Amino acid sequence: MYDVIIIGGGIVGCALARELSRYRIRVALLEREVEVGFGTSKTNSGIIHAGHHAHPDTLKGQLEWIGNQMWDDLARDLNFGFSRIGELLLAMQAEDLNHLEELKKQGERKGVTGLEMWSPKRLRQEEPNLSHDILQALHAPTAGVVNPYEACFGLIECAQQNGVELFCGQPVLSITREDGGLLIHTSRQQFRGRFILNAAGVFADQVAAMVGADDFKILPRKGEEYMLDRRLQGIVTRLIFPTPTVSSKGVLIIPTVDGTIMVGPTAEDVNDREDLSTTFSGADKVFTAVRRYCPAISERDTITEFAGLRAVADSNDFVIGPSPIKGFFNVAGIQSPGLTAAPAIATYVAKMLRGEGLALDEKTDWQAKIEGPPRFALMSAEERRAAISRDPAFGRVVCRCELVTEAEVLYAIKHGARTLDGIKFRVRAGMGRCQGGFCTSRVLDLLSSTLGVPLTELTKRGRGSELFYPRDDRIAPGDGL
Ligand SMILES: Cc1cc2nc3c(=O)[nH]c(=O)nc-3n(C[C@H](O)[C@H](O)[C@H](O)COP(=O)(O)OP(=O)(O)OC[C@H]3O[C@@H](n4cnc5c(N)ncnc54)[C@H](O)[C@@H]3O)c2cc1C
């Protein structure tokens, strides 16, 4: 019997797991994918929003700014990349100016610090590659960028270190009510829990329907993002936003925490909850939009692209709280700024559980920090020499584009990576210009030999993305070529 079972290992589920790991309770997290963070939390813009975007009357508006302020401590404790680079909201036409003033006032009412209007002259000094047609910009220094998948891995590692049990590859298929709790059936096991937290992202309404607690609908909204070649590093140094519309923050220029430039996302309502396709029309929308504010950006610099699905609830706000079914809580509809708000969502939900009668006694031996992965590319020459003499695997480069060594790949496998993407998102092998052309075979060899599994069992990101097939002797060499 678990005190709490979390369904879904995205940024929200992982933040919940770490928060609850502070207390003397038994917690499990069930994730349908082979690793955590493989849902929407891996496919977003990685922005910790400045705090002024969402209206303070909404739950997302309240938790956005609280969450924003929690990321410095999280990044320090869990050792992942985070940088407060600031953002600029651009006014391209006269009617945008009022909107920016309103957003400035909204932010100030919420307590967001440092908001300031910049003139075209100041803008040209600070960001010379932006268009000269911009009328003014609202600068928000509190905005930052993060590697969202690294944050998920750090949060869950810390939670596990403090006793949370993680079950990946366990899609929840049904939930039945029992005396004193709820019984969850996955494809492999059954789990009994007193409290269930439904953090299943775009599938949250379907999971809620399993117990009849689906008084909301999730409407997936797709966003396509385009990653540009590292040669564009520095073309802008802050996050660049157009003036937002009702349904979207618009197409952005995002200097990622790794020093690359990303552009996107689009915002398109879709029916298919698995539709992660990128499209010609999406690319066209993204590049037409960003060229208006930064003419030097071209689609020819794209090195890779991806799409993610925002879990937009029909109320257009976060759906967080107890449902009519005793013990079943929804933590759903976590659309943007869900990444920003995730740590605040976790403390909000913990308080709510306490209010529902769950005794939350703090552990005296709770460990806030994890060791965190080594990063050879960020080491000084002296640190590199010391690392290689300590462990010769630091001397063997696996990914040349991003300078990733064998020691880092082995560390990632030791800390839970089971797939090619699991390695890529933990250590960046395969994220550079050649997009895995050099390192894929080396990474697969290391996965296969370290885990003791044949190559045919390895996948890119779980079942259905196998990379090799067993040899079929009925097919003669050259057949079908
Ligand atoms: C293109 C795009 C850009 C965005 N940019 C930003 C941004 O810059 N800043 C920001 O703050 N927010 C941003 N967001 C929003 C942010 O990404 C989300 O709010 C956040 O990732 C939601 O996290 P989650 O944990 O709720 O969902 P998810 O990450 O989707 O996690 C849900 C998990 O539940 C699992 N699951 C589903 N069904 C089951 C089941 N039956 N059994 C077990 N497990 C299940 C899934 O596999 C998944 O891992 C963006 C979103 C998109 C799409």
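Heads up: the structure comes first, above all this text.
Notes on the structure follow. As the structure is a prediction and not an experimental result, all values here were calculated from the model.

**Topic: the environment of Leu-420**
Right, so step 1: Here Leu-420 lies in helix H12 (residues 420-427).
Right, so step 2: Its 22 C-beta neighbours within 10 Å are what place Leu-420 among the buried residues.
Right, so step 3: Sequence-wise, Leu-420 and Leu-444 are 24 residues apart; in three dimensions their C-alpha atoms are separated by 7.0 Å.
Right, so step 4: With residues up to four places along the chain from it excluded, the contact list for Leu-420 reads Thr-440, Val-443, Leu-444, Lys-460 and Leu-467.

**Description of the pairing of strand E19 (residues 319-322)**
Right, so step 1: Pairing of E19 with strand E20 (residues 328-332) involves four bridges; the strand directions are antiparallel. Following the sheet pairing, Ile-320 is matched in E20 by Val-331.
Right, so step 2: Joining the antiparallel neighbours E19 and E20 is a turn of five residues, in which Gly-327 adopts a positive phi near 90°.

**Comments concerning the site of the ligand**
Right, so step 1: Around the ligand there are 40 residues in total, and Gly-10, Gly-39, Gly-201, Gly-223 and Gly-338 lie nearest to it.
Right, so step 2: Those elements giving two or more residues to the shell around the ligand turn out to be helix H1 (11-20), strand E13 (218-228), strand E18 (302-313) and helix H9 (338-355).
Right, so step 3: Looking at the shell around the ligand residue by residue, the class counts come to 17 nonpolar, 18 polar and five charged.

**Regarding the packing of H1 against helix H6 (residues 148-161)**
Right, so step 1: Running from amino to carboxyl end, H1 crosses H6 at an angle of 30°, the nearest separation of the two axes being 8 Å. Taken together, the axis directions place H1 and H6 in an arrangement best described as roughly parallel. Between H1 and H6 lies a crossing whose hand is left-handed. In this structure, H1 contributes Ile-11, Cys-14, Ala-15, Ala-17 and Arg-18 to the contact, and H6 contributes Pro-148, Ala-151, Cys-152, Leu-155, Ile-156, Cys-158 and Ala-159.
Right, so step 2: Residues of the contact of H1 with H6, tallied by class, amount to eleven nonpolar, no polar and one charged.

**Some words on the sheet that holds strand E8 (residues 144-146)**
Right, so step 1: Pairing is antiparallel across the open sheet formed by three strands, whose spatial order is E3-E8-E4. Of all the strands in the sheet, just strand E3 (47-48) and strand E4 (82-83) have a single pairing partner and so form its edges.
Right, so step 2: Looking at chain direction, E4 and E8 are connected through two bridges and run antiparallel. Bridging from a neighbouring strand, Phe-82 pairs with Val-146 of E8.

**A word on the nonpolar core**
If you look at soluble globular proteins, the nonpolar side chains tend to sit buried side by side.
Right, so step 1: In this structure, Leu-16, Ala-17, Leu-197, Val-331 and Ile-345 are the most contacted members of the largest nonpolar core, which totals 116 residues.
Right, so step 2: The contact partners of Ile-345, leaving out residues within four places of it in the chain, are Val-12, Ala-15, Leu-63, Ile-320 and Val-331.
Right, so step 3: One finds Phe-376, Leu-420, Val-427 and Leu-447 within the second-largest nonpolar core, a separate group that totals 19 residues.

**Quick notes on helix H8 (residues 280-293)**
Right, so step 1: Between its first and last C-alpha, H8 extends 21 Å over 14 residues, near the 20 Å set by a 1.5 Å rise per residue.
Right, so step 2: Among all positions in H8, only Gly-282, Val-286, Phe-287, Val-290 and Tyr-293 are buried. Viewed along the axis of H8, the buried residues span an arc of 120°, placing them on a single side of the element. For H8, exposure combined with an orientation more than 90 degrees from the buried face picks out Phe-280, Ser-281, Asp-284 and Thr-288.

**A closer look at the pairing of strand E15 (residues 252-255)**
Right, so step 1: Side chains Leu-252 and Ile-254 project from E15 onto one buried face, and the interleaved Ile-253 and Pro-255 project onto a second face that is buried too.
Right, so step 2: Judged from the four bridges that link them, E15 and strand E16 (residues 261-264) form a sheet pairing that is antiparallel. Directly across from Leu-252, in E16, lies its bridge partner Gly-264.
Right, so step 3: Counted between consecutive antiparallel strands, the loop separating E15 from E16 contains five residues, among which Gly-259 sits at a positive phi close to 90°.

**Regarding H9**
Right, so step 1: In the structure, H9 departs most strongly from a straight axis at Ala-344, where the bend amounts to approximately 35°.
Right, so step 2: When H9 is considered as a whole, its buried residues turn out to be Gly-338, Leu-339, Thr-340, Ala-341, Ala-342, Pro-343, Ile-345, Ala-346, Tyr-348, Val-349 and Leu-353.
Right, so step 3: Just beyond H9, the residue with positive phi is Gly-357, at close to 105°.

Quick notes on the rules
- Residues numbered from 1 in each chain as written.
- Predicted model: local features only at pLDDT ≥ 70, side-chain atom pairs only at ≥ 80, totals over all residues.
- Helix = DSSP H or I, 4+ residues; strand = E, 2+ residues; numbered from the N terminus.
- Buried ≥ 20, exposed ≤ 12 C-beta atoms within 10 Å, placed from the backbone.
- Contact = placed C-beta atoms within 7 Å.
- Pairing = 2+ DSSP bridges.
- Near = placed C-beta within 6 Å.
- Nonpolar A, V, L, I, M, F, W, Y, C, P; charged D, E, K, R; others polar.
- Axes fitted to C-alpha atoms, helices over the stretch in contact; angles between N-to-C directions.
- Parallel < 35°, antiparallel > 145°, perpendicular 65-115°, else oblique.
- Left-handed = near helix turned anticlockwise from the far one by under 90°.
- Core = buried A, V, L, I, M, F, W, Y, C linked by C-beta atoms within 7 Å.
- Expected span 1.5 Å × (residues − 1).
- Arc of directions from axis to C-beta.
- Bend = angle between axes of the 7 residues up to and from the residue.

Note that all results are geometric; they support no functional claim without further evidence.
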